[in-house]
Amino acid sequence: MASSYDLLHRGVQRWVRDQGWTELRQVQDRAIRAILSGDSDILIAAATAAGKTEAAFLPLLGRAADRDAGGIAILYIAPLKALINDQARRLGGLCDDLGLPLVRWHGDAPQGPKERARRNPRGVILITPESIEAMLIRRPTDARRMFATLEAIVIDELHAFLRGPRGLHLAGLLRRIEALGTRPRRIGLSATIGDPKIAAAWLRPDAPEAVTLIEAEGGQPELRLQVRGYAERDALVGTDAIDAEGRRIDGEADALSAVADHVWRNLRESNNLLFAGSRRNVEELADRLRRRSDEVGVPNAFLPHHGNLSRELREEVEARLKDGAVPTTAVATTTLELGIDIGSVASVAQLGAPRSLAGLRQRLGRSGRRADTPAVLRIYVREPAVPVDPLDRLRLPTVRAAAAVRLLLARFVEPPERHDPALLSVAVQQILSLTVERGGIAPAALHRALFASPPLALAPADLAALLRGMADAEAGLIEQAPDGLLMLGREGERITERRDFYANFESDEEWTLVAGGRTLGTIPLANAIAIGGLIGFAGRRWRITAVDDRARVVQVTTHPAGRLPMFENGSAEPIHDRLAAEMRAVLEDDDAPRWLDATAAGFLAEGRATWRVIGASGGGLIEAGRTTHLLTWRGSAFNHLAAVLFVAAGLHAEAHDIGVAIEGVTPGELGSRLPELMKLLDIRRLSESVEGLRREKYDGFVPESLLRAAWADRHVAMLPDLQALPRTIAAAAV
DNA sequence: GACCTGCTGCGGTTTG
């Protein structure tokens, strides 16, 4: 059998030799054969830096070089501008050799090459979903000329599009691109997270079984992991009070200080990633770690990395990691989860128990990527020193960390939700956008073009209701011409002309922080800003020297003290049913995992002892002062639904990680409300009690009745389990 | 008690 190398275009072969590659990776070998042997859609699932890009592009570019037809041959779509820039660097030389133009097409990319590609489309375009959106509505004629001839659409980081508004948006864009000409094959590049069949179904919804799956084989590196427990040590925990000399007024005698000590001692001399969970934690930890280095007089090895830091500061951290000359540990949020090239790291650490296995796997995938090195994972868990609430005695952070490790070893990953809550919002945007692109469209054609199949499937009656809402006088988004054609209304014109129309997510207004002409990043506008004020940001401390209210620019200069800004959005990352269930399993088990340190093992033992008492007495209801905890051991979605039930009954209830807190009632009183609760167990009726349904960018234009019906559709499958709750209450309240 | 992502076209100015 011919080697896959022999199948490649001669120019591509020459380039491969010039790289000094002695062989092609297995994923590349299989992808080359699959791509050159037909026209099927293909999903390539492999770890970051496994050579997925080359696996797709080596054969595709050879084909493109041989073809006679004009027009763009390959459209590469990525979720980040930084990835487009990375790929342009990696593929630029090869495209030059083959005489194929390679054009970066995003908001920060130069105009000249885009202009040339519009006039004489050839070769490859690397683009973001938002730039596709802009091209389709601003220059539909150019878009048709460029996209009518596509042979392949390559979607990088496909797993990032499997849930949420951006994925639905891209699904709509793909349909619109296909409507312009040929039916290009789709090639998805994905991390090895979750079920590849789900990704295949997203890639080609009408023929998922025809997608060729190419998965990297085995090669699971050895995993070394530890969960480390820390007890808070005094009552000032969580304050950010800092004195003029830059010391915390509580003297840092808290658990985070002990975590920082351990991190500083163990990670200082190698490259690592420390995921801290929130921007605030990143800043807090980076500040403490830097001060430890300052006190001893050694160079600081710990640098913050999050979405509010300027591109420049983030790229410095990424370059230090990739370069490897100076030991560097990035203290990061999720910014370093996606495939920006940062080389390999010695270990991954995480502050706080994981809430998502998908996230944990993705983070772990950054470690142990060399064949002979183990992946190393540390999880730091903090617990209250003196439990106040009975729930504290269950030691749930430690239990969740243990449950997450068990599910990690069991290879569990959360699947995406079947009904995405962003569907109606994305539908509003795509209706407006397609109306502009086509200069008017009939409702039936609209349904065929966008909404006939998943993931954007919408029943004709629901589409009609949505269109009526968009057309009503108050909304004014669309109008219907006498011949039935949909046209833009006044508000529709206004919205689609704005620059922020292209993205399907909202962005908040912010202050920009500048120090000595250098942009540090941004903080939410909600932070009070005044000259003389102190700020902790980018791992350092600053004093405000000037404020430009109109431009929203704040000048700062270094200062010994600083107070961390507010970032939080007020809701926690939801957890999945399986993780909550595994937490109970951990409590009911009696094993002694070796990967718990002594403190964490002590917390686990305490949690289990507590659960033996609570569980023995039914375990459903816990009395805590005037609050009653109903423990469901289900995930956030179910607990949210249960809270809606109690709110509908006139009670004040809030969902938490493993159940619902119902305020102002004892378990006995709750039992007496049972007949009332039973009467409410109807999903339509419950949907009337839900608040805060408008969360996505264009939800404001969706009729409320549609939003409530969609909520009911998302939750109806849980109704039988909800109906079992009153029995739990009755049993426990006796 | 969370995180992340994106952006046109035009007119003016500067630079090679």
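Conventions used here
Residues numbered from 1 in each chain as written. Chains lettered and ligands numbered in written order. Predicted model: local features only at pLDDT ≥ 70, side-chain atom pairs only at ≥ 80, totals over all residues. Heavy atoms only, no water. Helix = DSSP H or I, 4+ residues; strand = E, 2+ residues; numbered from the N terminus. Rg over C-alpha atoms; globule rule 2.2 N^0.38 Å. Buried < 20%, exposed > 50% of the residue type's maximum accessible area, 1.4 Å probe, protein only. Contact = heavy atoms within 4.5 Å. Areas by Shrake-Rupley, 256 points an atom, 1.4 Å probe, with all protein chains shown as cover. Pairing = 2+ DSSP bridges. Near = heavy atom within 4 Å. Polar contact = N/O pair within 3.5 Å; in protein donor to acceptor, adjacent residues only side chain to side chain. Expected span 1.5 Å × (residues − 1). Core = buried A, V, L, I, M, F, W, Y, C linked by side-chain atoms within 4.5 Å. Salt bridge = Lys/Arg side-chain N within 4 Å of Asp/Glu carboxyl O. Axes fitted to C-alpha atoms, helices over the stretch in contact; angles between N-to-C directions. Parallel < 35°, antiparallel > 145°, perpendicular 65-115°, else oblique. Left-handed = near helix turned anticlockwise from the far one by under 90°. Nonpolar A, V, L, I, M, F, W, Y, C, P; charged D, E, K, R; others polar. Phe/Tyr/Trp six-rings, centres within 6.5 Å; stacked < 30°, edge-to-face > 60°. Lys NZ or Arg CZ within 6 Å of the ring centre and 35° of its normal. pLDDT = per-residue confidence, 0-100.

Time to look at the overall build of chain A. Tallying secondary structure elements over chain A gives 27 helices and 24 strands in all. For a compact globule of 734 residues, the expected C-alpha radius of gyration is about 27 Å, and chain A comes in at 28 Å, within 12% of that figure. Per-residue burial for chain A yields a buried fraction of 54% across its 734 residues. In chain A, once contacts between residues fewer than 6 apart in sequence are set aside, the share between residues at least 24 apart is 72%. Split by element, the accessible area of chain A, about 31800 Å² in all, is 49% carbon and sulfur.

Of the two faces of strand E10 (residues 302-305), the one carrying Phe302 and Pro304 and the one carrying Leu303 and His305 are both buried. Note that E10 and strand E11 (residues 329-332) share four bridges and pair parallel. The partner of Pro304 across the bridge, within E11, is Val331.

Every one of the 38 residues lining DNA strand B counts as a neighbour, but Arg279, Gly307, Arg314, Arg499 and Asp657 are closest to it. Restricting the count to atoms of DNA strand B within 4 Å of the protein gives a sugar and phosphate share of 55%. Here a phosphate oxygen of DNA strand B and a side-chain polar atom of Thr128 are 2.8 Å apart. One of the side-chain N or O atoms of Thr333 is found 2.9 Å from a phosphate oxygen in DNA strand B. Those elements that provide at least two residues to the surface near DNA strand B are helix H7 (129-138) and strand E23 (652-656). Looking at which element gives the most residues to the surface near DNA strand B, the answer is H7, with four residues.

This paragraph deals with the environment of Lys52. If you trace the backbone, Lys52 turns up in helix H4 (residues 52-66). Sequence separation between Lys52 and Cys95 is 43 residues; the distance between their C-alpha atoms is 17 Å. Setting aside anything within four residues of it in sequence, one finds Lys52 in contact with Ile44, Ala46, Ala47, Leu189 and Ser190.

All right, on to helix H21 (residues 598-616) then. Helical periodicity: at 3.6 residues per turn, an α-helix aligns residues three or four positions apart in one direction. The first and last C-alpha atoms of H21 sit 27 Å apart over 19 residues, in line with the 27 Å expected at 1.5 Å per residue. For H21, the complete set of buried residues consists of Ala600, Phe603, Leu604, Gly607, Arg608, Thr610, Trp611 and Ile614. The elements touched by buried residues of H21 are strand E8 (223-231), strand E13 (375-383), helix H15 (396-409), helix H20 (577-588), strand E21 (621-624) and strand E22 (627-631).

Within the largest apolar cluster, 65 residues are counted, with the highest numbers of intra-cluster contacts made by Leu432, Leu446, Phe451, Leu466, Phe646, Ile662 and Leu722. Of the residues forming this core, the biggest block, eight residues, is contributed by helix H16 (residues 423-438). Contact partners of Leu722, with chain neighbours within four places excluded, come to Phe638, Leu641, Ala642, Leu645, Leu681 and Leu686. Counting 49 residues, the second largest nonpolar core, distinct from the first, contains Ile379, Val399, Ala580 and Ile622.

On to the pattern of salt bridges, then. Under the counting rule described, the total for this entry stands at 46 salt bridges. A salt bridge links Glu383 to Arg395; its shortest N-O distance comes to 3.5 Å. Here Glu383 is found in strand E13, whereas its partner Arg395 is found in the loop between E13 and H15, with 12 residues between them in sequence. A single burial state applies to Glu383 and to Arg395, both of which are buried. In this structure, Arg626 and Glu669 form a salt bridge, with 3.7 Å as the shortest nitrogen-oxygen distance. Highlighted residues: Arg626 in the loop between E21 and E22 and Glu669 in helix H23 (residues 667-672), separated in sequence by 43 residues. Connected through salt bridges with shared partners, the residues Glu115, Arg118, Arg119, Arg139, Asp142 and Arg145 form a single ionic network.

Between helix H14 (residues 357-364) and H15, whose axes approach to 10 Å, the crossing angle comes to 70°. Regarding the angle of H14 to H15, the classification is roughly perpendicular. The element H14 and its partner H15 pack so that their crossing is right-handed. For the pair formed by H14 and H15, the contact residues are Leu357, Leu360, Arg361 and Leu364 on the first element and Ala404, Leu407 and Leu408 on the second. Classifying every residue of the contact of H14 with H15 gives six nonpolar, no polar and one charged.

The next point concerns the pairing of strand E16 (residues 510-515). When E16 meets strand E17 (residues 518-524), the two strands line up antiparallel, connected through six bridges. When the bridges of E17 are listed, Glu510 appears paired with Pro524. Joining the antiparallel neighbours E16 and E17 is a turn of two residues, in which Gly516 adopts a positive phi near 55°. Where E16 lies against strand E20 (residues 553-558), three bridges are found, and the strand directions are parallel.

The next subject is the sheet that holds strand E6 (residues 185-190). In space, the seven strands of this open sheet follow the order E3-E4-E2-E5-E6-E1-E7, with parallel pairing throughout. Edge strands, defined here as strands with exactly one partner in the open sheet, are strand E3 (102-105) and strand E7 (212-215). With strand direction ignored, the average angle separating the axes of adjacent strands in the sheet is 15°. Pairing between strand E2 (residues 71-77) and strand E5 (residues 152-155): four bridges, direction parallel. Note on E5: the bridge partner recorded for Leu75 is Ile153.

As a further point, take the packing of aromatic side chains. For the coordinates displayed, the defined rule picks out six aromatic pairs. Both rings, one in Trp15 and one in Trp21, keep their centres 5.6 Å apart while their planes meet at 75°; by these two values the pair is edge-to-face. Assessed through its relative accessible area of 7%, Trp15 is described here as buried. Centroid distance Phe57 to Tyr76: 5.9 Å. Interplanar angle 50°. Geometry classified as tilted. One end of the pair, Phe57, is in helix H4; the other, Tyr76, is in strand E2, with 19 residues separating them in the sequence. Side by side, Phe57 and Tyr76 carry an identical accessibility label, which is buried. Above the ring of Trp264, the side-chain terminus of Arg268 is found at 4.1 Å from the ring centroid. The ring of Phe638 carries the charged tip of Arg634 above its face, separated from the ring centre by 4.2 Å.

Moving on, we come to the confidence of the model for chain A. Across chain A, the average pLDDT comes to 92, with 96% of residues at or above 70. Considering only residues more than four positions removed or in separate chains, one finds that residues 243-247, a stretch of pLDDT under 50, has 13 contacts.

Every buried residue belonging to helix H2 (residues 10-18) is among Gly11, Val12, Gln13, Trp15 and Val16, and all of these are buried. Elements in contact with the buried residues of H2: helix H1 (4-7), H4 and helix H5 (81-98). Positive backbone phi, approximately 80°, marks Gly20, located one or two places after H2.

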